[in-house]
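Chain by chain, the residues:
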Amino acid sequence: MDDDRVFKALADPTRRALLDRLFARDGRTLGELEEGVAMTRFGVMKHLRVLEDAGLVVTRRSGREKLHFLNPVPIRRIHDRWIDKYTEGPASFLAGLQRSFEEEDRSE
Amino acid sequence: MSDLSTQLYQVLLRATPEQVWEAITSPDRTRLYFHGAHVENTAEWHTSRGPDGADWGDGPVLEFDPPRRLVHEWRSAYDPELAKEPPSRVTWEIEDTGDGSCRLTVVHDRLDDSPRTARSVSGPGWGTVLDGLKTLLETGAPSVSAP
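In the annotation of an unreviewed UniProt entry, chain B is listed under the name SRPBCC family protein and assigned to Pseudonocardia benzenivorans.

Per an unreviewed UniProt entry, chain A goes by the name Regulatory protein ArsR and belongs to Pseudonocardia dioxanivorans.

Student: Tell me about the overall build of chain B, residues and numbers included.
Tutor: Across its full length, chain B carries 5 helices and 7 strands. Order of helices (α) and strands (β) in chain B, N terminus to C terminus: β-α-α-β-β-β-β-α-β-β-α-α. A globule of 147 residues ought to have a C-alpha radius of gyration of about 15 Å, and chain B, at 14 Å, matches this closely. Overall size of chain B, expressed as C-alpha extent along the three principal axes, is 40 × 35 × 30 Å. Counting over 147 residues, chain B shows a buried share of 37%. Taking the intrachain contacts of chain B between residues at least 6 apart in sequence as the baseline, contacts between residues at least 24 apart amount to 47%.

Student: Describe the pairing of strand E2 (residues 65-70) of chain A, with residues and values.
Tutor: Working note: regular strand, side chains alternate between the two faces of the sheet. Residues and elements named next belong to chain A. Pairing analysis gives 6 bridges linking strand E1 (residues 57-62) to E2, with the strands arranged antiparallel. Bridge pairing in E2 places Val-57 opposite Leu-70. Here E1 folds back onto E2, and the loop between the two strands holds 2 residues, one of which, Gly-63, carries a positive phi near 65 degrees.

Student: Now, about helix H2 (residues 13-24) of chain A: what can you tell me, with residues and values included?
Tutor: All names here are of chain A. Taking 1.5 Å per residue as the helical rise, H2 with its 12 residues ought to reach 16 Å, and the 16 Å between its terminal C-alpha atoms agrees with that figure. Within H2, the full set of buried residues consists of Arg-15, Leu-18 and Leu-22. Taken end-on, H2 shows its buried residues confined to a sector of 55 degrees, consistent with a single buried face. In H2, the exposed residues that point more than 90 degrees away from the buried face are Pro-13, Asp-20 and Ala-24. Looking at the packing, one finds that the buried side of H2 touches helix H1 (2-10), helix H3 (30-34), helix H4 (41-53), E1 and E2.

Student: Can you tell me about the sheet that holds strand E6 (residues 88-96) of chain B, naming the residues and giving the values?
Tutor: Residues and elements named next belong to chain B. Spatially, 7 strands are ordered E1-E7-E6-E5-E4-E3-E2 in an open sheet, and the strand pairing comes out antiparallel. Among the strands making up the open sheet, the edge pair consists of strand E1 (7-13) and strand E2 (38-41). This sheet shows a mean twist of 20 degrees between the axes of neighbouring strands, independent of strand direction. Note that E6 and strand E7 (residues 102-109) share 8 bridges and pair antiparallel. In the sheet register, Ile-94 faces E7, and the bridge partner there is Leu-104. Its contacts with the sheet put helix H1 (residues 17-25) on E1, E2, strand E5 (69-74), E6 and E7, and the angle it makes with E6 is roughly 160 degrees. Sheet contacts for helix H5 (residues 124-139): E1 and E7; angle to E1, the most-contacted strand, approximately 15 degrees.

Cut-offs used in this document
Residues numbered from 1 in each chain as written. Chains lettered and ligands numbered in written order. Predicted model: local features only at pLDDT ≥ 70, side-chain atom pairs only at ≥ 80, totals over all residues. Helix = DSSP H or I, 4+ residues; strand = E, 2+ residues; numbered from the N terminus. Rg over C-alpha atoms; globule rule 2.2 N^0.38 Å. Buried ≥ 20, exposed ≤ 12 C-beta atoms within 10 Å, placed from the backbone. Contact = placed C-beta atoms within 7 Å. Pairing = 2+ DSSP bridges. Expected span 1.5 Å × (residues − 1). Arc of directions from axis to C-beta. Axes fitted to C-alpha atoms, helices over the stretch in contact; angles between N-to-C directions.

In structure tokens, the structure reads:
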């Protein structure tokens, strides 16, 4: 099942960090993605491979370079299937309440 | 702020390339998943109209290679603020994966000078459209209720 691969890919802090970096700036080379990650090139490639298998990262050639793009569609599907239904109604009210308390804490 | 000048979306569809091509070029299909838009793509011109016939954007078709590749200009005429921005470009690529499925990749680029359009189509924008297309092709169910 595709969803399993997406959840598995997201269940790792390094892979989430790589997605965050692509969200901040999309279309990066492997070299750019290696920078600032305390990991070997092989390690980063392994993580990118898992993200690609889950469809979360898509690569495209641009001249000589291979660029990595974030593909948000699988996350959208998970959001619609798993998040939406649990956040409607009382759960979303409580989450909103919690957020407003936290914001009050910060502003004090 | 995220850089949105080139956006890429990819989805795996259990359908033939011909079915996908028809779904992205025929207004009778697009109105069922594309925010209700009646989108028509011929070899020359891309036209998008609202359910009431209003101009939602049009532009030249730059590449037309059924059932594999379609490239057209994008103009966001559905919103007066966005309509002022320069046209951008949308590329549709359909790859047969050989097992009764297709991989559809949509690249929306040349958005450098159209930041409002870029924000408007990003994330849930294209995500919702492609998710709706997948549901339509795989289950026959429309994601936009016909007016």
